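# Coordinate inspection notes
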Protein chains: 2
Amino acid sequence: MYDYIRDPDAIYRKSFATVQAEVDLTHMDADIGTLITRIVHSCGMPEIVPDMAFHPDIARACREALNKGCPVLVDCEMVSHGIIRRFLPADNPVICTLNDPGTPALAKEIGNTRSAAAVEYWRPHLAGAIIVIGNAPTALFHLLELLQEGAPKPAAILGFPVGFVGAAESKEALATFDRDLPFITLHGRKGGSAMAAAALNAAATLTRKDPA
Amino acid sequence: MYDYIRDPDAIYRKSFATVQAEVDLTHMDADIGTLITRIVHSCGMPEIVPDMAFHPDIARACREALNKGCPVLVDCEMVSHGIIRRFLPADNPVICTLNDPGTPALAKEIGNTRSAAAVEYWRPHLAGAIIVIGNAPTALFHLLELLQEGAPKPAAILGFPVGFVGAAESKEALATFDRDLPFITLHGRKGGSAMAAAALNAAATLTRKDPA
């Protein structure tokens, strides 16, 4: 038998206490602090905080959209399965179009990745949606392209593509895209579906503060 | 329109080339280098390599087990959905018991987390299996406890629990557990389902080298 904490509530309490001890959130809006705490918790890396960037309205925008029943559009199944459904205030649909049967052919047609092609299928759901990207830089780039072309505006973008090719660049594009579009992101190569899902889960916990 | 690489094969090539340029794998077994390359690729962090630990037989053990049709036991749905099924050489079953209906009650009964309780359901599948842990330290700890008590031995453990409570300790326990049990892990707080799935996916790609 090993000596370790077996009580899930105690694990959560100690985890969040550790994040809060190691990350200075005092100068920050409390709700945005909640987002950042859960993102750090998901990856075990307090050191990412200086590289995070966000719109000042990100927490409020996510909370309001979730309460209104907005869809949550995700770029991959890992993000979808990281979203804690019972946290969602309005049975919000979580939509992943990556494995739609038409995606591979559409990718060839538009000369882009499957992840980017999957974003094309978001069009009917984009207005007021929350976008959660945890894998593909091309999904984030292509979403911004659709928005440049006049596609309906989402409520918020949680942008955490990861990796060596295009991740840093796509997140830079997000952070400088539109001063009226709430977002949160992590600059650089780091990211991933756990951080992306954690950001959405944190936003969902904030809805509990709102009147029913 | 943004200027970015849209061809998925070119993205993969450039990604893996970047990892190989930034990580010195020359002193390493080529197959283990494949595992490490894919793990680094999944998280965008070449800096983790000095904290990786592995048994010298880990790549061979995974390859042989996969080719024999071993089950792959995972601690959470995110890992399951990160495993690229078409890479698996023998339609290997991927088993996640976390959301089995009995798990919450069993967790209370054994005084541990749901993730640990889910490991109890692995017992009939353990012999010769590959274990992939990408989230819960308690799952890894409890697995090692079952093995101490004489549960059937898996072929390999890919151990990447993440976070502030128990992750580092459980991976230390794994790395010092049994010199005859192949494993790969990342010491410290970092880890996650993307790294865990990447380790399995890399092992699966190695089976392509074997005679059919």
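From a predicted model like this one, the values you see are computed outputs, not experimental measurements.

## Focus: the packing of aromatic side chains
For the structure shown, the criterion picks out six aromatic pairs over all chains. Aromatic pair A:Phe141 and B:Tyr4: ring centres 4.3 Å apart, planes at 10°, arrangement stacked. With one member in each of two chains, A:Phe141 in helix H7 (residues 137–148) and B:Tyr4 in the segment before helix H1 (8–22) form a pair that bridges those chains. Both residues of the pair, A:Phe141 and B:Tyr4, belong to the buried class. Members of the aromatic cluster, connected to one another through ring pairs, are A:Tyr2, A:Tyr4 and B:Phe141. Its guanidinium or amino end placed over the ring of A:Tyr4, A:Arg6 lies 3.9 Å from that ring's centre, counting from NZ or CZ.

## Quick notes on the relation of the copies chain A and chain B
In screw terms, the move from chain A to chain B is a rotation of 180° and a rise of 0.0 Å along the axis, fitting with an RMSD of 0.0 Å. Taken together, these values place the two copies in the relation of a two-fold axis. Judged by C-alpha distance, A:Met78 is the residue of chain A that lies nearest the rotation axis, at 2.4 Å.

## Here's the deal with empty space enclosed by the protein
Enumeration according to the criterion identifies one cavity of 30 Å³ or more in this entry. Its volume calculated, the largest cavity comes out at about 200 Å³. Across the lining of the largest cavity, the residue classes break down as eight nonpolar, eight polar and two charged.

## Quick look at the UniProt feature "domain: Cobalamin biosynthesis precorrin-8X methylmutase CobH/CbiC" (unreviewed entry) in chain A
UniProt annotation of "domain: Cobalamin biosynthesis precorrin-8X methylmutase CobH/CbiC" (unreviewed entry) refers to residues 11–205 of chain A when read in the numbering used here. Overall, residues 11–205 of chain A shows 47% helix and 11% strand. The separation of its end C-alpha atoms is 18 Å.

## Examining the interface of chain A and chain B
One frequent convention defines the size of an interface as the accessible area lost when the parts assemble. Each partner contributes residues to the interface: chain A has 43 residues there, and chain B has 43 residues. Both sides together, the interface formed by chain A and chain B hides about 3,600 Å², and carbon and sulfur atoms give 66% of it. Among the residues of chain A in contact with chain B, A:Tyr2, A:Met78 and A:Phe164 are the three that bury the most area, contributing 21% of the side total. Seen at the junction of chain A and chain B, the total is six salt bridges. When the shortest N-O distance is used, the salt bridge between A:Arg189 and B:Glu22 registers 2.5 Å. Here chain A is connected to chain B by 15 residue pairs in polar contact (both at pLDDT 80 or more). Among the secondary structure elements, those contributing two or more residues to the side of chain A that touches chain B are helix H1 (8–22), helix H2 (30–43), helix H4 (77–82), H7 and helix H9 (193–206) of chain A. Element by element, the count of residues in the side of chain A that touches chain B is highest for H1(A), at seven residues. Grouping the amino acids of the side of chain A that touches chain B by side-chain chemistry returns 20 nonpolar, 15 polar and eight charged.

## Re the sheet that holds strand E1 (residues 52–54) of chain B
Residue and element names in this part refer to chain B. Across the sheet, which stays open at both edges, the six strands sit in the order E1-E6-E5-E4-E2-E3 with mixed pairing between neighbours. In the strand order of this sheet, the two ends are held by E1 and strand E3 (94–96), each with one partner. Direction aside, the axes of adjacent strands within the sheet are offset by 15° on average. Seen against the sheet, helix H8 (residues 167–175) touches strand E5 (156–159) and strand E6 (183–186) and runs at an angle of roughly 150° to E6.

## Quick look at the environment of B:Asp7
Residue and element names in this part refer to chain B. Tracing the chain through its elements places Asp7 in the segment before H1. Taking relative accessible area as the criterion, Asp7 reaches 36% and is therefore assigned partly exposed. In this structure, the C-alpha to C-alpha distance between Asp7 and Ala17, residues 10 residues apart in sequence, is 15 Å.

## Some points on the nonpolar core
A:Leu158, A:Phe160, B:Leu158 and B:Phe160 are the most contacted members of the largest nonpolar core, which totals 104 residues. Once residues within four sequence positions are removed from consideration, B:Leu158 is found in contact with B:Ile58, B:Cys62, B:Ile130, B:Ile131, B:Val132, B:Ile133, B:Ile184, B:Ala196, B:Ala199 and B:Leu200.

## Structural notes on the side chain of A:Glu145
Looking at the element boundaries, A:Glu145 is found in helix H7. In terms of polar contacts, A:Glu145 uses its side chain to reach the side chain of A:His142, at 3.1 Å.

## Examining the packing of helix H3 (residues 58–67) of chain A against H9(A)
All names here are of chain A. Two elements in contact, H3 and H9, have axes separated by 9 Å at closest approach and are oriented at 70°. Judged by the inter-axis angle, H3 sits roughly perpendicular to H9. For the pair H3 and H9, the contacting residues are Ala59, Cys62, Arg63 and Leu66 in the first and Leu200, Ala203, Ala204 and Leu206 in the second. Tallied by class, the residues present in the contact of H3 with H9 amount to seven nonpolar, no polar and one charged.

## Overview of the pairing of strand E4 (residues 130–133) of chain A
All names here are of chain A. Neither face of E4 is open: one carries Ile130 and Val132, the other Ile131 and Ile133, and all of them are buried. When strand E2 (residues 72–74) meets E4, the two strands line up parallel, connected through three bridges. Across the sheet, residue Leu73 finds its bridge partner in E4, namely Ile131. Direction of pairing for E4 relative to strand E5 (residues 156–159): parallel, over a ladder of four bridges. Bridge pairing in E5 links Ile130 to Ala156. Considered for its hand, the β-α-β crossover made up of E4, H7 and E5 is right-handed.

## A word on the pairing of strand E6 (residues 183–186) of chain A
Side-chain direction in a regular strand flips from residue to residue, so the side chains alternate between the two faces of the sheet. Residue and element names in this part refer to chain A. Side chains Phe183 and Thr185 project from E6 onto one buried face, and the interleaved Ile184 and Leu186 project onto a second face that is buried too. Here strand E1 (residues 52–54) pairs with E6 via three bridges, running antiparallel. The residue bridging Met52 from the neighbouring strand is Leu186, located in E6. Relative to E6, E5 runs parallel, the two sharing three bridges. In the strand pairing of E6, Gly159 is matched with Thr185. Read as a crossover between parallel neighbours, the route from E5 over helix H8 (residues 167–175) to E6 is right-handed.

How each quantity is defined
Residues numbered from 1 in each chain as written. Chains lettered and ligands numbered in written order. Predicted model: local features only at pLDDT ≥ 70, side-chain atom pairs only at ≥ 80, totals over all residues. Heavy atoms only, no water. Phe/Tyr/Trp six-rings, centres within 6.5 Å; stacked < 30°, edge-to-face > 60°. Helix = DSSP H or I, 4+ residues; strand = E, 2+ residues; numbered from the N terminus. Buried < 20%, exposed > 50% of the residue type's maximum accessible area, 1.4 Å probe, protein only. Lys NZ or Arg CZ within 6 Å of the ring centre and 35° of its normal. Least-squares fit on C-alpha atoms with pLDDT ≥ 70 in both. 1 Å grid on protein atoms, 1.4 Å probe; cavity = no way out; pocket = protein on both sides within 12 Å on 5 of 7 lines; lining within 4 Å. Points joined across faces, edges and corners; volume = space filled by probe spheres on them. Nonpolar A, V, L, I, M, F, W, Y, C, P; charged D, E, K, R; others polar. UniProt positions renumbered as here; feature names shortened; annotations may be inferred. Contact = heavy atoms within 4.5 Å. Buried area = accessible area lost by both parts, 1.4 Å probe. Salt bridge = Lys/Arg side-chain N within 4 Å of Asp/Glu carboxyl O. Polar contact = N/O pair within 3.5 Å; in protein donor to acceptor, adjacent residues only side chain to side chain. Pairing = 2+ DSSP bridges. Axes fitted to C-alpha atoms, helices over the stretch in contact; angles between N-to-C directions. Core = buried A, V, L, I, M, F, W, Y, C linked by side-chain atoms within 4.5 Å. Parallel < 35°, antiparallel > 145°, perpendicular 65-115°, else oblique. Right-handed = clockwise from strand over helix to strand, strands pointing away.

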